[in-house]
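Tertiary structure, described
The residues making up each chain are set out below.
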Amino acid sequence: MVRLRDKASVAFRRLSQLLRFTRLLLPYWDKQAVLYLCLFFSMSFGLAQPYLSRLAIDFALIGRDLYLFNMLVLIGVVLYLFSIPIELIQKYVSFFVRTRVSFDLRSRFYRHLQLLSLRFAQSRTTGEHLYRLGPDLENVVSLVVDTIPSLLLFPLRLFVLLGICLWLSWPLTLGVLAISPIIYLHVRFFSKRQYGVLEETTKASQEVSSRLQEALALIKWIKVFGRERSEWRRYLADLVSLIRLNIRAIRLSLFQSESSRLLNAILVGGITYLLGYQVIQGRLTLGLMTALTIYLFQLLSALKAIGSVYNEVYLKFIAMER
């Protein structure tokens, strides 16, 4: 019971912090509306293309209907040409909002830092302040500007994909949903371990940066008292400890990557075999198999993205709390 209360308290604190940082987007609500509109159109284009492929194969190619084939090709070209300015607008608006939010947050952070007491300034190192003003701040901006908009549209895309897949073949869709907990547990298993390693690496990098900056600032006194060799040894020891942490992180990342590739190969191979088997048995047309394959892979990617986004947000919470 105590553990559940602690988890609820942590979740509430993180939600409060997230809402506090999300307020930075309020002055740019019109830009955010344009960004959401662009994301919605991009999502719609991605969902329409597989069904156009099905119509082209089953009705235009097999039915030898040149008029329908030309119309479907024309629709595909129009959608592609329309997606180019949408993508450009999306990237430009995202860059604009990210730059302004980063400027606002840096300005507030630095102003607040100047107003803090002398005791606080003496209790924190310069490297710690620089790390918060650098990588930590960029992670928070990325979380607020990039991750949150994607999260808000993600449920809509997931439910539309799920509805399309259930309409085309509900048994295969239910089969994909049945194995989705394995994907989630796989990502959650590694995200917890990556969180701990990243937290240790962040603290170690901050300490190394702080000690290096202090040593360079006092380089004259180090030479006067003949401390060059001891400073050099201390710096090497810091680098070795940091390299060991990076090796742990790389090992964990490699193991996650390879296990994810294996899991993905099994899932893709199984879905491809089942769809091919149904085509041979005459239960699916070739065009329906093509569309269903793309939609199921998109659904599988969306289910995997739940864990990936959870992992990304989980890791960026470190920077947000700092």
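Residues numbered from 1 in each chain as written. Predicted model: local features only at pLDDT ≥ 70, side-chain atom pairs only at ≥ 80, totals over all residues. Heavy atoms only, no water.

**Here we look at the side chain of Gln-32**
By secondary structure assignment, the location of Gln-32 is in helix α2 (residues 29-61). Judged by relative accessible area, which is 6%, Gln-32 ranks as buried. The residues contacting Gln-32, other than those within four sequence positions of it, are Leu-25, Val-97 and Pro-149. (Helix = DSSP H or I, 4+ residues; strand = E, 2+ residues; numbered from the N terminus. Buried < 20%, exposed > 50% of the residue type's maximum accessible area, 1.4 Å probe, protein only. Contact = heavy atoms within 4.5 Å.)

**Looking at the pattern of salt bridges**
Inspection of every chain in the model, using the stated rule, returns four salt bridges. A salt bridge links Asp-30 to Lys-31; its shortest N-O distance comes to 3.3 Å. On the basis of relative accessibility, which here comes to 33%, the residue Asp-30 falls in the partly exposed class. In this structure, the salt-bridge partner of Arg-54 is Asp-58, at a minimum N-O distance of 3.5 Å. One end of the pair is Arg-54 and the other is Asp-58, both in helix α2 and four residues apart, which spans about a single turn. Among the residues examined, Arg-54 registers a relative accessible area of 17% and is labelled buried. Residue Asp-58 is classed as buried on the basis of its relative accessible area, which comes to 14%. (Salt bridge = Lys/Arg side-chain N within 4 Å of Asp/Glu carboxyl O.)

**Describing the nonpolar core**
Core analysis: the biggest nonpolar cluster contains 25 residues, and Val-176, Leu-275, Leu-292, Tyr-295, Leu-296 and Leu-299 have the highest contact counts within it. Residue assignment for this core shows that the elements contributing at least two residues are α2, α5 (126-168), α6 (170-217), α8 (228-280) and α9 (286-321). Per element, the largest residue contribution to this core is 10 residues, and it comes from α9. Setting aside chain neighbours within four positions, we find Leu-292 in contact with Cys-165, Leu-168, Ser-169, Leu-172, Leu-275 and Leu-284. Membership of the second largest hydrophobic core comes to 19 residues, among which are Leu-25, Tyr-28, Val-97 and Val-145. (Core = buried A, V, L, I, M, F, W, Y, C linked by side-chain atoms within 4.5 Å.)

**Thoughts on a nonpolar patch on the surface**
Judged by side-chain polarity, Leu-61, Ile-62, Leu-66, Phe-69, Val-73, Val-77, Tyr-80, Leu-81, Ile-84, Leu-88 and Leu-286 come together as a nonpolar surface patch covering roughly 1100 Å² of accessible area. At eight residues, the largest contribution of residues to the nonpolar patch is made by helix α3 (residues 66-115). Within the secondary structure, Leu-286 sits in helix α9. Looking at Leu-286, the relative accessible area reads 46%, which means it is partly exposed. (Patch = residues over 30% accessible without salt bridge, like charges linked within 9 Å, V, L, I, M, F, W, Y side chains within 5 Å. Areas by Shrake-Rupley, 256 points an atom, 1.4 Å probe, with all protein chains shown as cover.)

**Considerations on the environment of Glu-138**
Inspection of the secondary structure puts Glu-138 in helix α5. The exposure class of Glu-138 is partly exposed, given its relative accessible area of 33%. Distance from Glu-138 to Val-101, taken between C-alpha atoms, is 10.0 Å for residues 37 residues apart in sequence. Apart from the residues within four sequence positions on either side, Glu-138 is in contact with Ser-102 and Arg-106.

**Quick notes on the packing of aromatic side chains**
Two descriptors summarise a pair of aromatic rings, namely the distance from one centre to the other and the angle between the planes of the rings. One pass over the structure, following the stated rule, counts six aromatic pairs. Between Phe-41 and Phe-82 the ring centres are 6.0 Å apart and the planes differ by 85°, which places this aromatic pair in the edge-to-face class. Here Phe-41 is found in helix α2, whereas its partner Phe-82 is found in helix α3, with 41 residues between them in sequence. Pairing Phe-45 with Phe-82 gives two aromatic rings, centres 5.8 Å apart and planes at 75°, and the pair type is edge-to-face. With a gap of 37 residues between them, Phe-45 in helix α2 and Phe-82 in helix α3 connect regions that are remote in the sequence. Given a relative accessible area of 42%, Phe-82 falls into the partly exposed group. The rings of Phe-40, Phe-41, Phe-45 and Phe-82 are connected pair by pair, giving a single aromatic cluster. (Phe/Tyr/Trp six-rings, centres within 6.5 Å; stacked < 30°, edge-to-face > 60°.)

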